[in-house]
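So you can see what is in the structure, the chains are spelled out below.
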2 protein chains.
Amino acid sequence: MEYSTIVIGDELLIGQVTDTNSGWIARHLTPLGWDPKSVKVIADNADEIFKAIDEAFATTDVVLMTGGLGPTKDDITKATLCRYFGGEMVLNEDVKKNVDAQFKRRGIPMNRLTAGQAMVPSTCRVIQNDVGTAPIMWFERDGKVLVSMPGVPQETQTMMERSVIPQLLKHFHSDLDLEYRTFVVIDYAESALAEKLEDYEKQLPSYIHLAYLPKHGIIRLRLTGAHHDANVIKANMEQQSAQLHRILGNSIIADGDKPLALIVGERLRSLGLTLSTAESCTGGNVAHVITEIAGSSDYFMGSVVSYSNDVKQRVLGVDETILATCGAVSQPVVEQMANGVSHVCRTHCAVATSGVAGPGGGSKDKPVGTVWMAAKVGDIVVSQCMHLPGERCQVIERATNQVLIMLLKLLREME
Amino acid sequence: MEYSTIVIGDELLIGQVTDTNSGWIARHLTPLGWDPKSVKVIADNADEIFKAIDEAFATTDVVLMTGGLGPTKDDITKATLCRYFGGEMVLNEDVKKNVDAQFKRRGIPMNRLTAGQAMVPSTCRVIQNDVGTAPIMWFERDGKVLVSMPGVPQETQTMMERSVIPQLLKHFHSDLDLEYRTFVVIDYAESALAEKLEDYEKQLPSYIHLAYLPKHGIIRLRLTGAHHDANVIKANMEQQSAQLHRILGNSIIADGDKPLALIVGERLRSLGLTLSTAESCTGGNVAHVITEIAGSSDYFMGSVVSYSNDVKQRVLGVDETILATCGAVSQPVVEQMANGVSHVCRTHCAVATSGVAGPGGGSKDKPVGTVWMAAKVGDIVVSQCMHLPGERCQVIERATNQVLIMLLKLLREME
């Protein structure tokens, strides 16, 4: 089953907000055998919306639409849907009740603009929005379906799982069985991995496809299998996955599409180890990605972001003379930071970063992108210096990944 | 001048990677009077690419394409461009030299797959990629232009600024003068702000448009003016901006589209104040957004992410009995955290967070989304409790914004 996504919103088109709904939808529908054909981002403009729907229905029978339903915008989107599917704008009492209830719950008075959200095209079936005021609208014509959803990610995502996805599955049923397997790989650059897997790719059956998804020092490998016989596909995916494991060994750090911080967290939990971070150039981002994982408080105790040398010395106990002689971006300092934070936070493991994120602060021996990193497990401390490409934000992101990979490798060696 | 963006990549379409190039391009072209007509995300598939180019050229004379040029994918994209614009694949010596040089610089041996990157359609003009191996290709036909760029954000963004944008401006020239003004607004919900500005919007001249861009407790207002007479537009934009300032007063915390952390940083720098953060539920994200700003080391000294109560007590000096009686998510604890970290990091200002990010950890009195926040300036500490909607990541993001807004309001009151 294929579908198209239309994302409506001036703010998205001009790049002041980034669309995350289309990606979320794809991540949740592809495992169910629903493949995204295209994502089109357009302005809050009646003609653009009308044209986009026409284009989308020309290639797929299902169109998922997000955005264009905020209190200051929904008139354009709804009027266009009304024009496309026919009927007239009518007040929907259930939506009105829902809007009233939402406002009562939040304790803010309802105003005229928000009241307008209860108006919907007579040709749609309303799916009540439990977590917001904008109604979700289901349209049908000639066996094709369009679902219009809010742009607020939390509202669309909650209601997709609760109502929209189940109703879509009920309404359609794909006859092709699909299976997906994702593997998280370290130790390789994309081109080197592609060369290593050249023969493996050649021997893959025609109905199994391998995709490379590299990002910041990690490569996700994704096997997609599509076949009419569920047993054939299951057996072959098993076999090909096992073969991939034989070729790449422990360079595969996880089966499934898991964030690096989750992989680290699972490893720490299974080993019964705790972690703390000491961060200079990553400025708290390592702690942030670790604590984005639900339940991370089981193994993550805390972090000291020692942006100033004063904090490095007094809180982490970095030696003043070493700071003066070697500089903050150096092997001894980053190792002392790792030791210091594991002592302060009383943890078995620690990671530390100190580098030049840029754009300023670079020098001839330590240009922008120079990052010293340390990982500590028990009494063992390892450190390395990397020269990371990109602007400030990329250096921070890459350093965050690299220091977590260092910790994983150290844990791997000790198993 | 209008343009279309085509984003190529299975990984983007299935949502394993989020497209940030199209937004970056829009943010950099709109101020130059180049408006994005649409963004289309498609798979690494020859027919899809061919069709997308046709569609895009049907509505705009300029198509900017990103992605589909990685060493494992570029054959599809290049072959399709060759099919669309004619000609044959030829080895480009300059590209080959560049690829060799890039690899030498990174100290990794060049392999066959990467060598293939030097093959380009004979009908394109190559723009040398100074920061990567994939060549940038400029195609022209019937006065229309397509530029194919890599998917790696840093490569596309660097080369857009360095070469592509200047060459586009040279090649085309729009006769319509455009001006943009963005204002960052706090204190209002979107619908309340829309009501407040209803009369203001009514009196706007037909050639000036107001857009609402709300996100996580902040609303960006964007005035767009388009007119053939540069003087008319400049004068009117000035006047309408001044009017907006009169209506909203100091609820406008910044002119221009600035991240909240930059606004906070500029305020601190101008007041000569330093900042530290004590974070529990935000897990380092407040420190992260602050240190994403270049030069933040001038005013940001550090952070203590006190995820465990042990770290709250020993590093931040939170009272053990208060932790036991009131719990970690409470007013006295978050205020002691703010006081503690400003003492430990020796800063004038501090912010602190302690809450239930979820999905676990909620209770009847403190459900998921309950967050206590404190802001400190000198001897004054203010605190508030908020109930933030959304999943874990949204709660973290919203709490991060809200605590920075608290600090801004406190600084505002003291001015």
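Keep in mind that this is a model prediction, so the values were computed, not measured.

Caption draft 1: Structural view of the overall build of chain A. On a plain count of helices and strands, chain A comes out with 16 helices and 17 strands. With the C-alpha coordinates aligned to their principal axes, the bounding extent of chain A is approximately 80 × 60 × 40 Å. Taking all 415 residues of chain A together, the buried fraction comes to 57%. Contacts in chain A between residues at least 24 apart in sequence constitute 68% of all its contacts with a sequence separation of at least 6. Of the roughly 16,000 Å² that chain A leaves accessible, carbon and sulfur atoms contribute 51%. In chain A, 39 side chains carry a positive charge and 49 a negative one; their mean positions are 3 Å apart.

Caption draft 2: Structural detail: the domain arrangement of chain A. Examined at the domain level, chain A breaks down into domain 1 (2–171), domain 2 (177–255) and domain 3 (260–413). Averaged C-alpha coordinates put domain 1 of chain A and domain 2 of chain A at centres separated by 35 Å.

Caption draft 3: Local environment of the sheet that holds strand β9 (residues 177–185) of chain B. Residues and elements named next belong to chain B. Taken in spatial order, the 4 strands make up an open sheet running β10-β11-β9-β12, and their pairing is antiparallel. Each edge of the sheet is formed by a strand with only one pairing partner; in this case those strands are β10 (208–215) and β12 (252–255). Neighbour-to-neighbour, the strand axes of the sheet open up by a mean angle of 20 degrees, direction not taken into account. Looking at chain direction, β9 and strand β11 (residues 218–227) are connected through 9 bridges and run antiparallel. When the sheet's bridge partners are listed, Val184 is paired in β11 with Arg220. Packing against the sheet, helix α10 (residues 230–248) makes contact with β9, β10, β11 and β12, and its axis sits at approximately 10 degrees to β9. Docked against the sheet, helix α11 (residues 260–271) engages β9, β11 and β12, running at close to 95 degrees with respect to β12.

Caption draft 4: The pattern of salt bridges, seen in detail. Tallied over the entire structure, the rule returns 40 salt bridges over all chains. In this structure, Asp47 of chain A and Arg83 of chain A form a salt bridge, with 4.0 Å as the shortest nitrogen-oxygen distance. Remark: Arg83 of chain A occurs in helix α4 (residues 74–85) and Asp47 of chain A occurs in helix α3 (residues 46–59); sequence separation between them is 36 residues. Look at Arg83 of chain A and you get partly exposed, because its relative accessible area is 48%. Where Arg181 of chain B meets Glu179 of chain B, a salt bridge forms, and the shortest distance between an N and an O atom there is 2.7 Å. Here Arg181 of chain B falls in the buried class, since its relative accessible area comes to 18%. Its relative accessible area of 13% is what places Glu179 of chain B among the buried residues. What you see here is one network of salt bridges that share partners, running through Glu2 and Lys37 of chain A together with Glu48 and Lys51 of chain B.

Caption draft 5: A look at the packing of aromatic side chains. Throughout the structure, instances matching the rule amount to 14 aromatic pairs over all chains. The interplanar angle of 90 degrees and the centroid separation of 6.5 Å between the aromatic rings of Phe57 of chain A and Phe85 of chain A together place this pair among those described as edge-to-face. Of the two residues, Phe57 of chain A is situated in helix α3 and Phe85 of chain A in helix α4; the sequence distance between them amounts to 28 residues. The same class applies to Phe57 of chain A as to Phe85 of chain A, namely buried. For the pair Phe85 of chain B and Phe139 of chain B, a centre-to-centre distance of 4.6 Å together with 20 degrees between the ring planes defines the contact as stacked. Here Phe85 of chain B is found in helix α4 (residues 74–85), whereas its partner Phe139 of chain B is found in strand β7 (residues 136–141), with 54 residues between them in sequence. The same class applies to Phe85 of chain B as to Phe139 of chain B, namely buried. Clustering of aromatic rings is evident, with ring pairs tying together Phe50, Phe57, Tyr84, Phe85 and Phe139 of chain A. Cation over ring: Arg125 of chain A sits above Trp138 of chain A, and NZ or CZ is 4.9 Å from the ring centre.

Cut-offs used in this document
- Counting restarts for each chain, with residues numbered from 1 along the sequence as it is written.
- The lettering of chains begins at A and the numbering of ligands begins at 1, in the order of writing.
- Per-residue local features of the predicted model are confined to residues with pLDDT of at least 70, and side-chain atom pairs are confined, for both listing and counting, to 80 or more; whole-chain, interface and lining totals are unaffected and use all residues.
- The basis for every side-chain value is the complete set of non-hydrogen atoms in the structure, without hydrogens or water.
- Secondary structure elements are defined from DSSP: runs of H or I of at least 4 residues count as helices, runs of E of at least 2 residues count as strands, and each element is numbered from the N terminus.
- Think of it in three bands: with a 1.4 Å probe and only protein chains considered, a residue is buried below 20% of the maximum accessible area for its type, exposed above 50%, and partly exposed in between.
- Contacts are assigned to residue pairs that have any heavy atoms within 4.5 Å of one another.
- Accessible surface is estimated by sampling points in the Shrake-Rupley manner with a 1.4 Å probe; for residues, cover comes only from the protein chains shown.
- Counted charges follow a simple rule, with Lys and Arg positive, Asp and Glu negative, and His plus the chain ends left uncounted.
- By convention, the charge on Lys lies at NZ, on Arg at CZ, on Asp at CG and on Glu at CD.
- Each domain's extent is set by a domain assignment, obtained either automatically or from a database.
- Think of it this way: DSSP has to see at least two bridges between two strands before they count as a pair.
- Whenever a helix is involved, its axis is fitted only over the stretch in contact; in every case the axis is a line through C-alpha atoms, and angles between N-to-C directions fall within 0 to 180 degrees.
- Whenever Lys or Arg places a side-chain nitrogen within 4 Å of a carboxyl oxygen from Asp or Glu, that contact is recorded as a salt bridge.
- Working definition: a ring pair exists when centres of Phe, Tyr or Trp rings (six-membered ring for Trp) sit within 6.5 Å. Plane angles under 30 degrees give stacked, over 60 give edge-to-face, the rest tilted.
- For a ring to carry a charge above it, either NZ of a lysine or CZ of an arginine must fall within 6 Å of the ring centroid while also lying within 35 degrees of the normal to the ring plane.

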